[in-house]
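A look at the structure
If you want the building blocks of each chain, they are given just below.
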Amino acid sequence: MNSLKIGVLAVQGAFIEHEQMIRRLGCSCVELRKASDLAALDGLILPGGESTVQGKLLKELGMLEPLKQQIQDGLPTLATCAGLILLAEKIENDDAVYFGTLPVTVRRNAYGRQLGSHRIVSDFKGIGPVSMTFIRAPYIEKADPPVDILSREGNFITGVRYQNQIAIAFHPELQEDPRIHALFLSLAKEHASHSAQE
Amino acid sequence: MSQNEETQDRETRYELNKGLAQMLKGGVIMDVTTPEQAKIAEDAGACAVMALERIPADIRAAGGVSRMSDPAMIRGIQEAVSIPVMAKCRIGHFAEAQILQAIDIDYIDESEVLSPADDVYHIRKRDFRVPFVCGARDLGEALRRIAEGAAMIRTKGEPGTGDVIQAVRHMRKMNQQIAKVSSLREDELFEAAKELRVPYDLVCFVHDHHKLPVVNFAAGGIATPADASLMMQLGAEGVFVGSGIFKSGDPAKRARAIVQAVTNYQDADLLASVSENLGEAMVGINESEIQVIMEERGQ
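Residues numbered from 1 in each chain as written. Chains lettered and ligands numbered in written order. Predicted model: local features only at pLDDT ≥ 70, side-chain atom pairs only at ≥ 80, totals over all residues. Heavy atoms only, no water.

**Structural notes on the interface of chain B and chain A**
Counted only if it meets this: The contact rule is simple, with two residues in contact once any of their heavy atoms fall within 4.5 Å. Buried area is calculated as the accessible area (1.4 Å probe) missing from two parts once they are joined, with the contributions of both summed. By salt bridge we mean one thing: a side-chain nitrogen of Lys or Arg within 4 Å of a carboxyl oxygen of Asp or Glu. Any pair of N or O atoms that falls within 3.5 Å is considered a polar contact. Within protein, one atom must be able to donate a hydrogen and the other to accept it, and sequence-neighbouring residues count only if both atoms are side-chain atoms. Helix and strand definitions follow DSSP, with helices as H or I runs of at least four residues and strands as E runs of at least two, each counted in order from the N terminus. Each residue gets one of three labels, nonpolar for Ala, Val, Leu, Ile, Met, Phe, Trp, Tyr, Cys and Pro, charged for Asp, Glu, Lys and Arg, and polar for the others, Gly among them.
At the junction of the two partners, chain B supplies 38 residues and chain A supplies 33 residues. Contact with chain A buries area across many residues of chain B, yet Leu16(B), Met23(B) and Thr263(B) alone supply 23% of it, more than any other trio. A salt bridge links Lys34(A) to Asp267(B), with the nearest nitrogen and oxygen atoms 3.6 Å apart. Where chain B touches chain A, the interface holds 20 residue pairs in polar contact (both at pLDDT 80 or more). Secondary structure elements with two or more residues in the side of chain B that touches chain A: helix 1 (3-24), helix 2 (35-44), helix 4 (71-80) and helix 12 (251-263) of chain B. The element contributing the most residues to the side of chain B that touches chain A is helix 1 of chain B, with 10 residues. By residue class, the composition of the side of chain B that touches chain A is 15 nonpolar, 13 polar and 10 charged.

If you want it as structure tokens, here you go:
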């Protein structure tokens, strides 16, 4: 996996935490702050932060359309919290759409304000019990097949996979457990070896 | 809850509260006094807003005792925007903090900008479930606030002046002291804790990680995209902008420019283009011209 280059959206939010996790797993990172940073990526991480700020900066800095194209072309993508909102096709309580590449409906600030932030241990498909940190988090109200549901909290969907996109409402980058990032890197590795064959 | 569960719950809460500050990194937190201003700030790309009745420049001009804002005014701002809403309470005024927690505020700033309510004790912030941000001029102040339960730190640059000199001084001092602690031998850390007047375990954290245990923003006197870039290059993880936006000629445009400057703080070409035609910056007062020195409040 050592040659993989993962782009981490670095316009605002907790991107350094993702970079530390990716480096721990032996891969390299590049921070994406403007359109010219987007070349030759093996994977993309959309970190937590404020989705309104990230979405606005993506547009102003000319990154939204080129990144959307790359996601649609199969670039493996891991999105956490605000990143999930950026990917979603529909936001229940907001008119905005950013990438719109993930066919789910999300609700922003679904658990309310900071006092609604919480941590639970719950099952994540293919991994097992995972400690999950939700910070002013969204959840997914609606996800139909072929979207694969990876995790739930009660009736709410907190993690999904759709083709090359893994999107979760919580923050694995804030904890020590690297398994979700490792899962993402295995997608990136597969994608890179496919591209090399072509 | 048993005592064990309570301790566990409190620790988790603190992690969640530090986590929210991590999500704000690389962002701009703007002072607003009305729902309309809050909307302008959100549309311009603020990652959070600070709801207060008067911005620091006006507090300074008005003089007198300055207190927590009217909860109805804060609620109006909470309803206007979807981003986190912060509000200030007076240093040591835990009842004001309880009220802010009761209205479900996202972050409390125990702030020297308001008149201090207590000249000895800060709020025991560990008792609260909502997070606190506090100002600090140096490593000692920062670690004392963290020991009390602050989940985020900011510089204590002189608010309402439009003069960045103190934020710069505080950020440099913090960095120098962190570098010094990091370079010490382990058997020298007890003495460092004594000199800094802070708990030993926090000094050990700084020594091992070469940073504060919480996020550190710049605040006070930031008025231009260049000021924001300066503070980010000096190691701030984000910036607060108080009077600098709504005391300027074109608040929306200036706010947008400062947001872009924080993201691309090392890109001088971009900084040059966003700095063009911003209209009048806030007038500003030089450090040597002011009467009330707010940074000395609460050490």
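From this point, the discussion proceeds with the structure in view.
**Let's talk about the pattern of salt bridges**
Basically, it comes down to this: Burial classes: relative accessible area under 20% of the type maximum marks a residue as buried, over 50% as exposed, and values in between as partly exposed (1.4 Å probe, protein chains only).
Scanning the model with the defined rule gives 31 salt bridges over all chains in all. Here Arg108(A) and Glu50(A) are joined by a salt bridge, their closest N and O atoms 3.8 Å apart. In this pair, Arg108(A) is assigned in the loop between strand 6 (102-107) and strand 7 (118-124) and Glu50(A) in the loop between strand 3 (43-46) and helix 2 (51-60), connecting sequence segments 58 residues apart. The class for Arg108(A) is buried, based on a relative accessible area of 5%. Through salt bridges with shared partners, one network takes in Lys88(B), Asp109(B), Glu112(B) and Arg154(B).

**Looking at the packing of aromatic side chains**
Residue and element names in this part refer to chain A. Here is the rule we go by: Note on ring pairs: Phe, Tyr and Trp rings are taken, using the six-membered ring of Trp, and paired if centres are within 6.5 Å. Classes follow the plane angle, with under 30 degrees stacked, over 60 edge-to-face and the rest tilted.
This structure, assessed with the given rule, holds nine aromatic pairs over all chains. Ring centres 5.6 Å apart and planes at 55° place the aromatic pair Tyr-111 and Phe-134 in the tilted group. Remark: Phe-134 occurs in strand 8 (residues 128-134) and Tyr-111 occurs in the loop between strand 6 and strand 7; sequence separation between them is 23 residues. Judged by relative accessible area, which is 1%, Phe-134 ranks as buried.

**Looking at the sheet that holds strand 4 (residues 107-111) of chain B**
Backbone-to-backbone hydrogen bonds join strands into a sheet, with any given pair of strands oriented parallel or antiparallel. Residues and elements named next belong to chain B. Here is the rule we go by: Strand pairing is assigned whenever DSSP identifies at least 2 bridges connecting the two strands. Note on geometry: axes are C-alpha line fits, over the in-contact stretch for helices, and angles between N-to-C directions span 0 to 180 degrees.
A sheet is described by the order of its strands in space; here eight strands give the open sequence 7-6-5-4-3-2-1-8, paired in parallel fashion. With partners counted over all chains shown, the strands left at the sheet margins are strand 7 (215-217) and strand 8 (239-241), one partner each. Averaged over all pairs of adjacent strands, the angle between their axes in this sheet comes to 30°, without regard to strand direction. As defined by bridge partners, strand 6 (residues 152-155) adjoins strand 7 across three bridges and the pair is classed as parallel.

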